[in-house]
Amino acid sequence: MSTFRLCIISILVVTTSFVAHSQARETPKTESPIGAAVQQDNFFPQVKFETSMGDIVIELSRAKAPVTVNNFLTYVKEEGYDNTLFHRIIAGYIVQGGAYTTDFTERKSNYKIINESGNGLKNEAYSIAMARMSDPHSAKRQFFFNMKDNDNLDPGRRWGYTVFGSVIEGKEVLDAISLVDTRVNPEIGFPDTPVENVVLKRAIIMPEPVFD
């Protein structure tokens, strides 16, 4: 076989491999039409969490994190957070939820979204942020509440974790949730899992405020 032909085959193999790899990667989304249609002129929509330990009201910052907020509102609108667990709780650090039903079945996720951690919002106490994997643009549906000022989760030389709102009512409820007894779940091996389930029974979009 000629040297020229070997070169052409090598180029084709490399090109095919690159295309296949590119197609395998999931491109993060920047649009969530369902969430974007929710109170579309309201830069600070509010959502109430009815939990098994009381109610929590969150004010979202669409002005700072539009992609993240609209993605979150899509799950709320589709009742995707109803009857899910706060499955990871570390006292003095975070309360995480949004993905698993009460029998630890994982709920279906829509898609990855872009990381908006550089929006100026900090992972301060009582803020809500998106959970993700090591890939900075891998957040889908899981969220967490910061139970202290977690500066290590803010962006710096590396991508941070996107803050997209904060608790405006029910901080005492969140405090109580953060202090429940936890363990390594013996059935699925999850660490920091509450001994007794803490359930997000319903997530409700609050009425848009009316100003005179």
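Residues numbered from 1 in each chain as written. Predicted model: local features only at pLDDT ≥ 70, side-chain atom pairs only at ≥ 80, totals over all residues. Heavy atoms only, no water.

Colleague: Before we go on, may I ask you to explain the side chain of Gln 142 in this structure?
Modeller: Residue placement: Gln 142 occurs in the loop between strand E6 (127-130) and strand E7 (143-146). Overall, Gln 142 belongs to the buried group, its relative accessible area being 18%. Here the side chain of Gln 142 touches His 87 through a polar contact of 3.3 Å, side chain to side chain. A polar contact is formed between the side chain of Gln 142 and the side chain of Gln 96, at a distance of 2.7 Å. Every residue in contact with Gln 142, bar those within four places of it in the chain, is listed here: His 87, Gln 96, Gly 97, Ala 99, Tyr 100, Met 130 and Ala 131. (Helix = DSSP H or I, 4+ residues; strand = E, 2+ residues; numbered from the N terminus. Buried < 20%, exposed > 50% of the residue type's maximum accessible area, 1.4 Å probe, protein only. Polar contact = N/O pair within 3.5 Å; in protein donor to acceptor, adjacent residues only side chain to side chain. Contact = heavy atoms within 4.5 Å.)

Colleague: Would you mind showing me how to read the nonpolar core here?
Modeller: Among soluble globular proteins, nonpolar side chains are generally buried collectively. Judged by nonpolar contacts, the single largest core of 33 residues is most densely connected at Phe 49, Phe 72, Phe 86, Phe 143, Phe 145 and Phe 164. When residues of this core are traced back to their parent elements, those giving at least two are strand E1 (46-51), strand E2 (54-60), helix H3 (66-77), E6, E7, strand E8 (163-169), helix H4 (171-178) and strand E11 (199-205). Counting residues per element, this core draws most heavily on H3, at six residues. Contact partners of Phe 86, with chain neighbours within four places excluded, come to Phe 49, Thr 51, Val 95, Gln 96, Gly 97, Phe 143, Phe 145, Ile 177, Pro 194, Val 198, Val 199 and Leu 200. (Core = buried A, V, L, I, M, F, W, Y, C linked by side-chain atoms within 4.5 Å.)

Colleague: For this particular structure, what's the right way to read the pairing of E8?
Modeller: Along any regular strand, the residues point their side chains to alternate faces of the sheet. In the sheet, E2 pairs with E8 via four bridges, with the strands oriented antiparallel. The residue bridging Ile 58 from the neighbouring strand is Val 167, located in E8. Direction of pairing for E6 relative to E8: antiparallel, over a ladder of three bridges. By the bridge assignment for E8, Ala 129 is matched with Val 163. (Pairing = 2+ DSSP bridges.)

Colleague: Sorry, what's going on with the pattern of salt bridges here?
Modeller: Applying the stated criterion to the full structure yields three salt bridges. For the salt bridge of Lys 48 with Glu 50, the shortest nitrogen-to-oxygen distance reads 3.8 Å. Salt bridges linked by common partners bring Lys 48, Glu 50 and Arg 202 together as one network. (Salt bridge = Lys/Arg side-chain N within 4 Å of Asp/Glu carboxyl O.)

Colleague: How do you make sense of the confidence of the model for the chain when you look at a structure like this?
Modeller: Low-pLDDT portions of the prediction should not be read for the details of their coordinates. Of all residues in the chain, 87% attain a pLDDT of 70 or more, and the chain-wide mean is 89. Predicted confidence is poor over residues 2-24, with pLDDT under 50, and the contacts of this stretch with residues over four places away or in other chains come to two contacts. (pLDDT = per-residue confidence, 0-100.)

Colleague: Before we go on, may I ask you to explain H4 in this structure?
Modeller: Counting along an α-helix, one turn takes 3.6 residues, and residues three or four places apart therefore face a common direction. Residues of H4 that are buried include every one of Val 173, Leu 174, Ile 177 and Ser 178, and no others. For H4, the buried positions fall inside an angular range of 135° around the axis, keeping them on one side. Lining the buried residues of H4 we find E1, E2, strand E4 (88-90), strand E5 (94-97), E7 and E8. (Arc of directions from axis to C-beta.)

Colleague: Would you mind showing me how to read the environment of Gly 92 here?
Modeller: Along the polypeptide, Gly 92 turns up in the loop between E4 and E5. Taking the C-alpha atoms as reference points, Gly 92 and Met 147, separated by 55 residues in sequence, lie 5.4 Å from one another. With near-sequence residues (within four places) excluded, Gly 92 lies in contact with Met 147 and Lys 148.

Colleague: Would you explain the sheet that holds E2 in this entry?
Modeller: The strands making up a sheet associate through backbone hydrogen bonding, with each pair oriented either parallel or antiparallel. Ordered in space as E3-E11-E1-E2-E8-E6-E7-E5-E4, the nine strands form an open sheet in which the pairing is antiparallel. Looking along the sheet, the strands with just one partner apiece sit at the ends: strand E3 (84-85) and E4. This element, H3, spans E1, E2, E6, E7, E8 and E11 of the sheet and lies at about 110° to E11. Helix-sheet contacts for H4 involve E1, E2, E4, E5, E7 and E8, and the interaxial angle to E2 is about 115°. (Axes fitted to C-alpha atoms, helices over the stretch in contact; angles between N-to-C directions.)

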